[in-house]
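# An overview of the molecular structure
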Amino acid sequence: MNIHLGMTSLSIPSALKFPFGLLIFCLFAPNLWLQVSAQSLPSPPVARLISNTSRGTTYTRPRRVNVRTSDTDRPEASSSVLSPSTLLTVAERQAFVSTNEIRERNGVSLLTWDNELSRMARAHSEKMARLGFFGHETPEGLRLRDRARAAGIRFQVIGENIAYNQGVEEPGKFAVQRWMLSSVHRANILSREFRSVGIGSFVASDGRVFITQILIAR
C-alpha cells in the first residue's frame with residue numbers, strides 16, 4: 001500500500017496497512033466532511049441596513065394610519081404662543097409648531113400666527129381639494145398676490161408653501177419635513193423677512209390632507 005503525501009512516497013508493511021489506513025481516515029475524514037458540508041449547506045446571507053441623512057437631519061418614514069377628517073380638521077384650543085381666540089386644526093398646529101421649531105434651531109425669529117392668512121390658506125386648501133388641482137395658481141388664474149389682494153391683505157413680502165399627503169400620522173409635521181428638503185420651500189420657512197404665518201388644512205373626500213402655508217411681512 002503506497003500513500004502519496006505531497007511529493008513524498010512512503011512504503012508500509014502489510015501488517016500495518018489496516019491500522020495505518022484507519023488512522024489516515026480518522027485524520028482526513030473531518031476535513032472531507034467540512035468541505036462537503038460547506039458546499040451543500042452554504043451560510044445564509046446577512047442583511048445590512050443602510051441609513052441616509054440629509055445635512056445631519058434624519059427624516060423617518062411616517063407610520064401609516066387611517067386618516068379621519070375629525071383627526072385633522074378638528075379645531076384645538078390655542079396655546080400660550082397664540083391668541084386665546086385662535087382655533088387651529090390638528091394638522092395646522094403641527095405645521096405651525098414644526099415651522100417655529102426649525103426657525104428657532106436656525107437662529108431665526110419665531111413667526112406669529114395670523115388669522116387672516118389662515119382663512120386665506122384654508123380657502124386655498126379647500127379649493128385644491130374640491131376642484132382637483134395642486135398649484136399656487138387657481139383654475140381661474142388667480143395667483144398668490146391676486147388672492148391676497150382679493151382677501152384685503154396688505155403686504156410687503158409674501159410667500160406660500162403647499163403640500164398634500166395621505167395616510168400619515170402627523171400630516172402637518174410631515175409636510176414641513178418635506179418642505180425642508182426643497183431649497184425653495186426651505187428658503188421660505190427660514191426667511192428672516194417674514195414675520196407672520198397662516199396655515200390652512202382641508203381633508204378631501206379620499207382622505208388626502210391639503211395644507212397651505214402663507215408667510216408674510218406687512
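Each remark here, short or long, concerns the structure printed above.
Counting starts from 1 at the beginning of each chain's written sequence and moves along it residue by residue. With the structure being a predicted model, the display of local features is reserved for residues of pLDDT at least 70 and the display and counting of side-chain atom pairs for 80 or more, all residues being used for whole-chain, interface and lining totals. Side-chain metrics in this entry use all non-hydrogen atoms of the structure; hydrogen atoms and water are not considered.

### Thoughts on the packing of helix α3 (residues 90–105) against helix α7 (residues 183–190)
Packed helices, taken two at a time, are described by the angle their axes make and the gap between the axes. Orientation is described by lines fitted to C-alpha atoms, with helices fitted over the stretch in contact, and by angles between N-to-C directions that extend from 0 to 180 degrees. Helix numbers and strand numbers start at the N terminus; a helix is a DSSP run of H or I with at least 4 residues, a strand a run of E with at least 2. In contact at an axis separation of 9 Å, α3 and α7 are set at 80° when each is read in the N-to-C sense. The angle between the axes of α3 and α7 places the two elements in the roughly perpendicular class. Where α3 abuts α7, its residues T99, I102 and R103 lie against N188, I189 and L190. Here the contact of α3 with α7 is composed, by residue class, of three nonpolar, two polar and one charged. The scheme is simple: roughly parallel for angles under 35 degrees, roughly antiparallel for over 145, roughly perpendicular for 65 to 115, oblique for anything else. Residues count as neighbours in contact if any of their non-hydrogen atoms are within 4.5 Å of one another. By the convention adopted, Pro, Cys, Tyr, Trp, Phe, Met, Ile, Leu, Val and Ala count as nonpolar, Lys, Arg, Asp and Glu as charged, and the other residues, Gly among them, as polar.

### Some remarks on the sheet that holds strand β3 (residues 112–113)
Read from one edge to the other, the open sheet built from four strands follows the order β3-β5-β6-β4, with strand pairing classed as mixed. A single partner strand is all that each edge strand has here, and the edge strands are β3 and β4 (157–165). Strands qualify as paired when DSSP identifies two bridges or more between them. As defined by bridge partners, strand β5 (residues 196–203) adjoins strand β6 (residues 209–217) across eight bridges and the pair is classed as antiparallel. Bridge pairing links V203 to V209 in β6. Sheet contacts for α3: β3, β5 and β6; angle to β5, the most-contacted strand, approximately 145°. α7 rests against β4 and β6 of the sheet, and its axis sits at about 125° to β4.

### Some remarks on α7
The periodicity of an α-helix, 3.6 residues per turn, causes residues three or four positions apart to be oriented the same way. Of the residues making up α7, those classed as buried are N188, I189 and L190. Against α3, β4, α6 (171–179) and β6 lie the buried residues of α7. Partly exposed residues are those whose accessible area sits between 20% and 50% of the maximum for their type, while under 20% is buried and over 50% is exposed, using a 1.4 Å probe and protein chains only.

### Considerations on the environment of Q213
If you trace the backbone, Q213 turns up in strand β6. Residue classification places Q213 among the buried residues on the basis of a relative accessible area of 0%. Distance from Q213 to A121, taken between C-alpha atoms, is 6.3 Å for residues 92 residues apart in sequence. Pairs of N or O atoms are called polar contacts if they sit within 3.5 Å, as long as, within protein, a hydrogen donor faces a hydrogen acceptor (for residues adjacent in sequence, only side-chain-to-side-chain pairs). Of the polar contacts made by the side chain of Q213, one reaches the side chain of T99; its length is 2.9 Å.

### Considering the environment of N106
Relative to the helices and strands, N106 resides in the loop between α3 and β3. With relative accessibility at 36%, the residue N106 sits in the partly exposed group. Once residues lying within four places of it in the same chain are set aside, the contact partners of N106 are R186, L190 and R192. Within polar-contact distance, the side chain of N106 engages the backbone oxygen of I102 at 2.7 Å.

### Examining the pattern of salt bridges
Only one rule defines a salt bridge in this text: a Lys or Arg side-chain nitrogen within 4 Å of an Asp or Glu carboxyl oxygen. The tally for this structure, following the rule as stated, stands at eight salt bridges. A salt bridge links R218 to E116, with the nearest nitrogen and oxygen atoms 3.3 Å apart. In this pair, R218 sits in the segment after β6 while E116 sits in helix α4 (residues 115–131), placing the two residues 102 residues apart along the sequence. The exposure class of E116 is partly exposed, given its relative accessible area of 35%. Linking R130 and E126 is a salt bridge whose minimum nitrogen-to-oxygen distance equals 2.7 Å. Pair noted here: R130 and E126 are both in helix α4, with a separation of four residues, about one helical turn. Residue classification places R130 among the exposed positions, given a relative accessible area of 59%. Of the residues examined, E126 reaches a relative accessible area of 30% and is grouped as partly exposed.

### Looking at the nonpolar core
Remark: nonpolar core denotes a set of buried residues (Ala, Val, Leu, Ile, Met, Phe, Trp, Tyr, Cys) joined through side-chain atoms within 4.5 Å. The biggest cluster of nonpolar side chains holds 21 residues, and the ones touching the most others in it are V176, W179, I189, I199 and I211. When residues of this core are traced back to their parent elements, those giving at least two are α3, α6, α7, β5 and β6. Residue contributions to this core peak at four residues, all from α3. With residues up to four places along the chain from it excluded, the contact list for W179 reads N161, I162, A163, H185, R186, I189, I211 and Q213. In this structure, A121, L144, A148 and F155 belong to the second largest nonpolar core, which totals 10 residues.

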